[in-house]
Every structure is written in C-alpha cells, then in structure tokens.
Amino acid sequence: MSIGKYYNIHNLIKFKIVSERTCIRPLEDINYFFSYFETEEFTNEDILLRIGPFSPVNNNCKVIDHKYYIKENYFYCKDQEEHVTWEVEIHGFEHGKTIINFHSHSRRVEQLFLPEYLAQNIILRPLIELKLLEKGYVVIHGLGLARGKNSILIAARGGAHKTRTIMDALKSSEIKLVGDDRLIIGKGGTVYSYPLFLRLVLFRMEHLQSEKISIIRDRLSMIRYLSQNKEMDTKRYVTDRSDFTKLVFVQRKEDCISCNEYISKSIPLAECCDRLTSSSKMEMFSSGLKSMGFVPFYKYIQAYSYAFPMSQIGNYWERYSTTLQTILADVSIYDLSVPKDYPPTLLDYYVEMMEDFEKPLE
Amino acid sequence: MAEMYYNICDVVKFKIIDKQKTLVDRIVGDPFQEYENYLSESILDDTDIDFVVKIVDRIERRDNTYILDDKYYIDEGYICTKDFYKIAKWEIEVIKTGGKLTVSIVPNMAARLFISGFFIDFIIQYVLTQKDYSIVHSSAVSKNGQSYLFSGRGGSGKTSIAIRLISSNRDFKFMGDDFIIIKDGQSIPYFTPLNLFSYNISPFLAGKFKANQKFTFSLKKLLYRLTLGYAKFFTKLNPKHNFPELLSIDAEISRIFIIIPTNQNDLVEAKITRISKSEVIEYLTNNLKMDSRYFPKYFIQYGFLFPNDAFSKFWRDYKDNLTSNLPSGVDYYSIELPMSLSWTRLIDQIERGVLL
C-alpha cells in the first residue's frame, strides 16, 4: 500500500510524493523538509516522486562512465555512497512534467526512514531548484529576515552563524523568517519563503542546549518531536512574500574580533552573481548524508551535460548566473566579515541594515 | 627525503618532495610513476619551477584566514582543508605566490595512491592553462604530421582505438592514451604509462610486455580473482620503454573524435555525426571537469570569496584557451558507439568514411 502527499510552493511549483508504507507509522509522518508546503490533494503536479522498487526504461541510452544512462530528457543510474545504495530514474529531467522513481537500500537501521529522506535530500531538492530556474526563479543559499514587507538576504557558506541568527530571530516578535537555508528569489527583488529546517530549529531551541545534535537520545527525541508536532503552526514565524533591496555576503574570519563595529563594503553585481553561483555549486557538491563527500546531483548534472552539452541542463550554471544578474540588477550588495565566535549583536546589525534604506552603508 | 624534478616539454616544470618510500609503494608502484618520462636528470632552478608538491607529516595552517563550512581555511592565494574519498584521507594546503604554487599534502596510506590522479594531474592542467596551453582527456595517433584525437570518458575505448591503429601496420604513430597537450592547432604528445588490466589488453600490448611485466600482470589478475575484485592493481606499460619505435612527435590537428558509448546494442554500426567546434569545446571541458573532483571543488569554495582570482576563473580560462588553440578549419565528430560493437568494425567504419 502506498500513501501520497501533496506540496505546493507558493504556486510556483507543485509536487507529489508517493511512497510505500513502512511498518513504523510515526516515521512515515516525519516530514523532513517540505512540511511547510504540504497541502490538500491536487492533480496537476510539476514533479511526481515515487519511492519504492521500479523497473527502469533505460534502453537506447548514452552510457557515461559505465554508470549514467542518459537520453534526451531522461536520466537513470545506480549509485552508492558508503553503506547506502540507490537507484534513480528521472523522466522529464529537462522539461515538461518530471517523474522521479527512487529506490534505496542501506544495511543500517536508518533504512527505516532513509528512503524518503534520501530521495528528498539528494534528488528532489536540487530538482526543484532546476525546475524553478526554468520558470525564472533562482534558489540561492542563504538566510532571509523580514520586517513587515521588507527583507534582507544573507548569503553565506556554512559556519557564518546562520543558525544562531535564526534562533535569535525566532525569539523576537517583530522579525520573521523568509528562509533558513535556501531562498527563492524572482524578478523585481521579490523573495518567497522557503523554510526547510524550521521545525528542526524550533526543536533545538526547545530541547537542546547546544547547536549540535550529537547523542542518540537527542536524535530519538528529535524524531518524536518532528512526527508529533506536524500540525504545529509554523506560519507565524514566516513571511511568505516580501521585497528585498539589500543582499549581504557574510563570512567568518578568524582574526575578526570586533563584535560591535561591523564594517561592510559594497561589491559589484557581476562579482555577486559569481559568488552566489559558487555557493550554489558547493551546496550541490558538499555533504548531504553526513558521511557523504559529495551530493551526487552535481555529478548527475555533469553527466547529462557531457551527454548533451548544448541542452538546457548543459547550460544550467550559465543560466543560473545570468538569471541572477537580471533579478539582482537593482539590489544593493554588501560584504561583511564576522568574528569566529557568535557576536550577540549580529541580528541587530542585520535589522539595522534592513531598515536603513536611505542611508547607504560604508 | 627525496627531491625529484620534472620537466614536461619545457612548458611545465615542477618538483616533488617526498618522504621515505613506503611498503605500499613497493607493492602497488611509485605514486609518481605517472610522470616518470618527464623526470629531469638535472636539478632545475627554483625560479623556473611552476609548482612544488610536498608530501609532509603535518601542515602548519596559516592564522587569521576566512573559515567556510567550518573546514575550509581560505585567504587570498591560500586554501587549506581536510578531505576524504572512501578510506583515503588527506589534508592539503595550497599557497600561491607570484603565480607559483606550493602544495603540501598530508595523505594517509590510501590517499598516497591517489596523489597524482587527484592532485598533481590537475595542478599540471592548471599551470598549462595559465600558460595559454590546452590539455584534453584524449588519446591520439599521428600520420604524416597530421594527428587524430580520440576523446572520451574512462573506459570508452580511447586507449583501445589508439593501440589498434598503431599496431595495424599503417604507419600510425602513438601520441598518448590519456592526455594530449594542445597549442595553436598543434597536438603535443604526453606519454604516461598505460594502465593495463585483463579487459583492455590487446595481443599487441601483451607482446610488448617484458618478462617480469608478464609475470606481475598474471599475479595481479590472480589477486583480483582471489579478493573477489577488491584488489584491482593495474600493470603499467610505458610506451617509451615498451614500444619506443612507434612514438610520434608534435603534429597538426586533423580530426577530433568524441566517443560516447551507448547501449543501443541492436545497431550494427556506430553513429558518426559531424559536430561544431563549440560543441567539441563543451565535450572536452565537461570531460575534464568530470575527471578532476577535488581541486575544482576547492576552487569553487575559494570562488565564494575571491571570484576574480585565476583559481576561480579556471574553467573559463580553460574554455577560452580551447577556443584559440583548436583549429577552425578541421572536422570534429561525435561517435555514438554501441558497446557491443568491436573495435575492428569501428575502425573499418571510420576508414570507410575516409575519416582517417
């Protein structure tokens, strides 16, 4: 027996996930990333993700590296990383309705909840980014904070105190979140909310002392929390649509000590687009499963690009960068270094930047 | 401690400073055997050297850098990080001063085996690119001063085609089976040892084995079977030692073929299509991109902070160089090759089409 779940991201993209029932009910209901977007049933989805065994139709394909089976608008491979193996088939990789078949296996206990997590994390999430770009929206890696109808975007690699900033923002009543790891931006400087880890952050705030979830007991209570607080009202923490006029790159620097005197400098648009593209590539490159050195999707894009160099996907990163150029044309862009340890006034500084529309920064 | 100097065609010069050889080196082979044909007998002047690779026990990381993802320590002209691939683990530090690179690596035992493939190959590619040369993942043969390049992913048949052509008594000379250097429409041979295993050995190559190579080849095959495929060690055959009479000098590029295996096994012929120069550039760039995983990843991370640096612009420069180094008046082809087709039939087909 299988169950279907429906998701709608601001009417920009709709998708459906169909997976086989496992024997452990609470695990089925953990909604890792997209709980914020779960909706009632609909019929015209852009992406259908089917989780479970399937028979691929990978005949008449170009075979890249003995592993990737590729024909126009189609991708199939069997892949493996440490103890996890999976098989994925994507119909409509480049255009039209996308159907993903995904089947995975692990020898470890995580097999119980892994298939859905893995499918969403390594295939669905990057694919949504591809589909959104097709429609003219760009998903960037970063954090968004809003106050009323205005917002500020913070682009950073890992370790730039994003989680701590989010936690501080959630505690404040005026500041809302736009996104906690990814942001969807579109023409005219509009940003759409895309919270992926909000419930996880809330769990951390309520139950954990530190940022890291390390011990098994914490993990178990996290699973319980995520499966029980499904109907939890996360909307009140989030601003779904807002306008941004500022984007700030933030990076941690070892010798930067000043907590109260932030110095941000303005940077040109072309440089900004290159930097955001790098960040997005890194996200597709780096850790998905904790132990994984590579998120495989980057390799899948490369393999498809090799087979069809002149295709849409073959030009994915160029299109990513040029679309950014149009979207960010009228946005002010800044660069900021922050100290190694979390400065408690960081959130205030962001809010100040956001409000300070008239006065240009140093 | 051992210091070795290398000189590739007077274009790239480098030095490797290594620790003592390990037991693994003796069994599996020297990690730098890949470049043995370019070992310089004389000590090169430090000012001539493009990069130094140091295999060390520990790295004194620079202070006060930017820290990305909690593990990349980056500053202008500086990258330091720890990384892994399966059981191979390493720490690496790259320092760029005045266009010259110093790369220190702390590898564990497994990572030692990958030093050339993961790092040095890419550094050579980087230096060539900085000097406006191109290097492509391809095999090549030449005849009457004209060269024919066969580019493809690993296992697509590059080596097999080149070896069959030079052993066919039709005056084809060998230019390399893995990488070819290109400058101003000319291809420059790049001789690295062939990696041979039971599936890519031809009678011609088997005949070129020296007695001790024949023995280790069979031994490694046996070891592979005994360990159910876990211990897979290639036997190296060096063109310069094993068939020096068939080696080519620089030659003008006449054709480039991109080989793409397919599972269209009902086809009795390969599908050969003429493609444009810009398509060939895409194929060659994507091919190299898929080969080199780690340095490009570090460069992307670096590009988040320093987007205008040569590290960050590497692939753009690489493509620009191909545009100026590949000739415009020649024919480029893609070959969609059913995996069931034999090499002899493919070569027949190419000859029938008078493509060679």
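Residues numbered from 1 in each chain as written. Chains lettered and ligands numbered in written order. Predicted model: local features only at pLDDT ≥ 70, side-chain atom pairs only at ≥ 80, totals over all residues.

A few points about helix α8 (residues 277-291) of chain B
Point 1. If you check α8(B), its first and last C-alpha atoms are 21 Å apart, about what 15 residues at 1.5 Å a residue would give, namely 21 Å.
Point 2. Among all positions in α8(B), only V280(B), I281(B), E282(B), Y283(B), L284(B), T285(B), N286(B), N287(B), L288(B) and M290(B) are buried. (Helix = DSSP H or I, 4+ residues; strand = E, 2+ residues; numbered from the N terminus. Expected span 1.5 Å × (residues − 1). Buried ≥ 20, exposed ≤ 12 C-beta atoms within 10 Å, placed from the backbone.)

Description of the environment of V351(A)
All names here are of chain A.
Point 1. Along the chain, V351 turns up in helix α9 (residues 346-355).
Point 2. Assessed through the 17 C-beta atoms surrounding it within 10 Å, V351 is described here as partly exposed.
Point 3. For V351 and F203, which are 148 residues apart along the polypeptide, the C-alpha to C-alpha distance reads 25 Å.
Point 4. Setting aside its immediate chain neighbours within four residues, V351 contacts R147 and I175. (Contact = placed C-beta atoms within 7 Å.)

Looking at the domain arrangement of chain A
Residue and element names in this part refer to chain A.
Point 1. Along its sequence, chain A is organised into domain 1 (1-135) and domain 2 (138-195 + 234-362).
Point 2. At the level of secondary structure, the elements contributing two or more residues to the side of domain 1 that touches domain 2 comprise β5 (62-64), β6 (68-71), β7 (74-81) and α2 (114-134).
Point 3. Top contributing element to the side of domain 1 that touches domain 2 by residue count: α2, with eight residues.
Point 4. Counted by class, the side of domain 1 that touches domain 2 contains 14 nonpolar, three polar and seven charged residues. (Domains from an automatic or database assignment. Nonpolar A, V, L, I, M, F, W, Y, C, P; charged D, E, K, R; others polar.)

Things to note about the pairing of strand β2 (residues 12-18) of chain B
All names here are of chain B.
Point 1. Within β2, five of the seven residues are buried, leaving the element largely enclosed by the surrounding structure.
Point 2. Two strands pair when backbone bridges link them, and strand β1 (residues 2-8) and β2 are joined in this way by seven bridges, in the antiparallel orientation. Residue pairing in the sheet places A2 in a bridge with D18 of β2.
Point 3. Where β1 folds back onto β2 in an antiparallel hairpin, the turn is made up of three residues, including C9, whose phi is positive at roughly 50°.
Point 4. Examined bridge by bridge, β2 and strand β3 (residues 51-55) share four bridges and lie parallel to one another. From the neighbouring strand, I17 faces β3, where its bridge partner is K54.
Point 5. With helix α1 (residues 23-28) bridging β2 and the parallel β3, this β-α-β connection has left-handed handedness. (Pairing = 2+ DSSP bridges. Right-handed = clockwise from strand over helix to strand, strands pointing away.)

Some thoughts on the domain arrangement of chain B
All names here are of chain B.
Point 1. The domain architecture assigned to chain B consists of domain 1 (2-130) and domain 2 (136-193 + 238-291 + 298-352).
Point 2. Placing a centre on the C-alpha atoms of domain 1 and another on those of domain 2 gives a separation of 26 Å.
Point 3. The partner domain 2 presents 19 residues to the 17 residues of domain 1 that form the contact.
Point 4. Those elements that provide at least two residues to the side of domain 1 that touches domain 2 are β4 (66-68), β5 (72-75), β6 (78-85) and α3 (115-130).
Point 5. Per-element accounting of the side of domain 1 that touches domain 2 gives the leading share, five residues, to α3.
Point 6. Its residues assigned to classes, the side of domain 1 that touches domain 2 shows eight nonpolar, six polar and three charged.

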